[in-house]
Each structure stands twice: as structure tokens, then as C-alpha cells.
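# Coordinates in review
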2 protein chains.
Amino acid sequence: MFQVRGLDSRQPVLNVLLWQRALEPERGKWSLPGGRLRDDEDLISSIRRQLAEKVDVQQLAHLEQLAVFSAPDRVPGPRTIASTFLGLVPSPATPELPPDTRWHPVNDLPPMAFDHAPMVEHARTRLVAKMSYTNIGFALAPTEFVLSSLRDVYSATLGYQVDTTNLQRVLERRNVITRTGTTARSGRSGGRPAALYRFTEARYRVTDEFAALRPPG
Amino acid sequence: MFQVRGLDSRQPVLNVLLWQRALEPERGKWSLPGGRLRDDEDLISSIRRQLAEKVDVQQLAHLEQLAVFSAPDRVPGPRTIASTFLGLVPSPATPELPPDTRWHPVNDLPPMAFDHAPMVEHARTRLVAKMSYTNIGFALAPTEFVLSSLRDVYSATLGYQVDTTNLQRVLERRNVITRTGTTARSGRSGGRPAALYRFTEARYRVTDEFAALRPPG
DNA sequence: CCAAAAGTGTTATCCTTACACCCATGA
DNA sequence: TCATGGGTGTAAGGATAACACTTTTGG
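First, a word on what this report is: a plain description of the structure on this page. All figures in this text were calculated on a predicted structure; none of them were measured in a lab. (Residues numbered from 1 in each chain as written. Chains lettered and ligands numbered in written order. Predicted model: local features only at pLDDT ≥ 70, side-chain atom pairs only at ≥ 80, totals over all residues. Heavy atoms only, no water.)

### Some words on the protein's contact with DNA strand D
The environment of DNA strand D is made up of 27 residues, and the closest members are R169, R192 and A195 of chain A together with R173 and R214 of chain B. T165 of chain A places a polar side-chain atom, nitrogen or oxygen, 3.4 Å from a base oxygen of DNA strand D. Measuring from a base nitrogen of DNA strand D, one finds a side-chain N or O atom of R192 of chain A at 3.2 Å. Counting only elements with at least two residues in the surface near DNA strand D, the list comes to α4 (164-173) of chain A together with α4 (164-173) of chain B. Ranked by residue count, the leading element in the surface near DNA strand D is α4 of chain B, at 4 residues. The residue makeup of the surface near DNA strand D, split by class, is 7 nonpolar, 12 polar and 8 charged. (Near = heavy atom within 4 Å. Polar contact = N/O pair within 3.5 Å; in protein donor to acceptor, adjacent residues only side chain to side chain. Helix = DSSP H or I, 4+ residues; strand = E, 2+ residues; numbered from the N terminus. Nonpolar A, V, L, I, M, F, W, Y, C, P; charged D, E, K, R; others polar.)

### Let's talk about the interface of chain A and chain B
Between chain A and chain B, the contact holds 22 residues from the first and 22 residues from the second. Summed over both partners, the interface of chain A with chain B buries about 1700 Å², with 59% contributed by carbon and sulfur atoms. It is V68, R79 and F210 of chain A that lose the most area in chain A upon contact with chain B, and together they represent 33% of the buried surface on that side. At the boundary of chain A with chain B, the tally comes to 0 salt bridges. On the surface where chain A and chain B come into contact, there are 10 residue pairs in polar contact (both at pLDDT 80 or more). The biggest single contributor to the side of chain A that touches chain B is strand β4 (residues 62-69) of chain A, with 3 residues. (Contact = heavy atoms within 4.5 Å. Buried area = accessible area lost by both parts, 1.4 Å probe. Salt bridge = Lys/Arg side-chain N within 4 Å of Asp/Glu carboxyl O.)

### Remarks on the relation of the copies chain A and chain B
Copy one and copy two of the chain differ by a rotation about a common axis and a shift along it. Mapping chain A onto chain B calls for a rotation angle of 180° and an axial translation of 0.0 Å; the resulting RMSD is 0.0 Å. Taken together, the rotation angle and the small translation identify this as a two-fold axis. When the interface residues of chain A are mapped onto chain B, 100% of them again lie at the interface, so the same face is used by both copies. (Least-squares fit on C-alpha atoms with pLDDT ≥ 70 in both.)

### A short note on the pattern of salt bridges
Residue and element names in this part refer to chain A. Following the criterion strictly, the structure yields 16 salt bridges over all chains and no others. For the salt bridge of E121 with R124, the shortest nitrogen-to-oxygen distance reads 3.6 Å. In this pair, E121 and R124 are both assigned in helix α2 (residues 116-133), 3 residues apart and thus about one turn of the helix distant. Look at E121 and you get partly exposed, because its relative accessible area is 39%. Classification of R124 by relative accessible area gives buried; the value is 19%. (Buried < 20%, exposed > 50% of the residue type's maximum accessible area, 1.4 Å probe, protein only.)

Here's what the structure looks like:
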């Protein structure tokens, strides 16, 4: 589960939700949330159930299947196969967390249990790719937002500075974002009030199969 | 497993290898090759083992994980989860097939067992997407080839007519294909002899994250 | 010499980045 | 009226599709 955190600060950062193991093996290391699949549920239902134990699942705006990790010795004990998912939580949400659970910046991960570090890396790669040619940003941004906030969401996720002006035009041309018509109040230090936007659709969609958001330079 | 078949004919076509069920349930319908995972192997090893029973696995140039199908009732009997893979066989290869196994054009599938039809559709979508921004064509094309053959491979896979000239320049600029220096003999009806090419790398590689092969029009 | 197939040159178009400039607001 | 951020205009660059034109071969 990813979320862009610190949208009000100067440097918002993409975070991942981790859970610290209380027992051996790998005690003290951090894990992705998850658990066993029951016989009467499919993987998506299972993941939703697992996550419900950690957070308010209502806040999960997107959930998508990723790779399967199946090395026979990936965890000690009986053979276990991990099917990983990408979950996204919109930015202003602040889910209640159990005490053993914390958000961690993806660029500064703590010691990770088993093969969970490559899992996070893989998930981030998929997310970055999809920011280019889908409207997946809806699942990370607030329902209504100012362009500079959206730019922060994209910058934090992609890992490089995005130009607000061009982001606006690219997303407007693709009809990914829409003006609400209202404007936000200007900050305490003055400045022109910004127009409010929302995502045109609050459902995952491939907006332009061949589109690109290129890094600067 | 996909292969472009009929490269020498006027209209080469993308095919998928299917196997006809001899027993209930779904007797007579066609299945993707596969089988159960053993405790001491990971998914890739397992798939290679399963396929070895159908074809010469040496001819498998690319193998890649796709989606997991996990609906509890997707097959009758005990709960079974299917992890699907995309396998590619280069074009001139003609693997020996068991009698219950046949190549079928992906655009004209026979009655499919269980949820195997959407599996094929999903695999083809992934393949088409990857033709644009990776060198995955190496796994479908002959080791050495003439540009018009490569155009046929791309056309069959993508499902629309590709322009030879532009394909050449796109792939050369990305350094995906290389001239061998030799030329093929011209056909019986005359014509200038064509230069032979090969793929620069015989390993899967993302060549240009933001590249596109757009359909005509 | 002609048909056929391969290969090259050139243009038009589209998308995106970069950046200068204008606009609206609070103090 | 000035600083601050928001918004628009415009130009430049890069990649691709379209297509006319040239080259090389067999009959």
C-alpha cells in the first residue's frame, strides 16, 4: 500500500505501509501486510480482508495484481507462494494504524523481511510506469485539488520534479482532470487563487496507451 | 505459448498452442498447457517442466509471468489457482506435437475450457503492448531475417499492417536490430536482394520506456 | 526493357518540454 | 506597490507515419 505523505510540507514523499514482525523468523524486520488465502475467496477479496485488519479499507482507492513470488525457499517452513498487489491510498486520508504498523518512505526502507524489499521495488516500478499512460493518479490525489498539489503527488511518485504547467496541459488534453469551476483561497503569503480540479473519472482507466511523461533533461 | 505461423504464406498469423481435453469436465474443449506446481520448484521451473511434455523446451525463447486467476469456482473440484505465463516460440521452429495438441490462430479460437479464453486474451494484450517498447520480437522472429519477414511477424502479432520502412528505422534507431552484412537471394520473381538482419540482443530488454508503435491512421 | 521487391529521402504531424510573460491576490 | 504564487503563450525538439523516389535484381 502506497500513499503520498506530507502534501502540506515542502517535500511530499511516497510511502509504503509496513508492519514490524514481533516473532521469529525475521523478528523486528518489516513486512508487507498480507496473510493466507482462504478456500472460499479469490485473491482480491483476500487482500481486502487482510488489509481491513490494518486500515480502513474504504480508503483504498485502487488495488491491482502484481507479480507472484514463488521461490521454494523464499520463507522458512512450509512452502508458501506470495501473490503481490499494488494498493493506493489517496493523500489526505489518515487511516488509524495498529501500533506495529507504520508508513515508511520508499526511498528509505527499514530492514525488510524475506523477499519483501524486491516486492516493494517491483510495485514502485509498476506504479511509476502507470502514471504515464493511465489516470492512476486519482487514487493518490485528493478528490479536489489545486494543480500545485497534484504536481507534488506526481513528483513524489515519479521521483523527479514535474513541471506544473505542462502537467496541466497533458492531463487536460487527455481529459484526465476537469476544472470544478471553484477556486481555492490564496495562501497567507498572497498569490493568485488557484483553480480547483478533480479527476474526471474515479476509476482506473488507460488514458493513452502510447502516452509519456518524460523526466526533465 | 504463442508463435507466428505461416511466415512463408501471404498472411502469417499469431497462433497459440492448445491441448484438447480427453476427459470430463469440459471434455473436448481446448486448454492451455499446464499442470500442478511441485513443492520443490518455483513457477518458472514448473511451467518449463509442464511444457517439456508437449514440446521441445529449447525452442522457448521467452517466458514471462502474467496474471493469476483465482476465482474459487473457476474449475470444478478442489480449489485451484492458475498462474499464467506468456511463452514465445520463434517462427521457423516446428516443434513435434503430441496428437491432442494443436496450434490455433488467436483470432479464431475453438471452444475453450474453463477460464482459458480470457487468459489467452490477456496474454495477447500484454504481448502487443510489449512489442512497442521492448525487443520482445526477438522471441518470435528467426535468428536471421529479412525486413519483410520481420514486418510480417510484427503485423501478425500487432494485428494491423506495419510499414516495413518505418519499422526498420524505428528498430535501428533503438539499436534493436543489426545488419549481418550478408544479403538474402532475391525471389524467383526477381527483385532486389534484401539485407539480412538479426536482433542485437537475444535477451528480453526494455528498449525505450516511452516508445510507441502506433497503428496506422 | 519491364516487373518486382528493397531501400532511401523527405515531409508533415503530433506530443512534450522549456521558458518567458501576464494575472490576481494579500499585506 | 510589491512579493508571491497561478496561469497562458510560444517556441523548440524529438519521434513517428506517410509516401514519393531510387536501386538492384530476374526474366
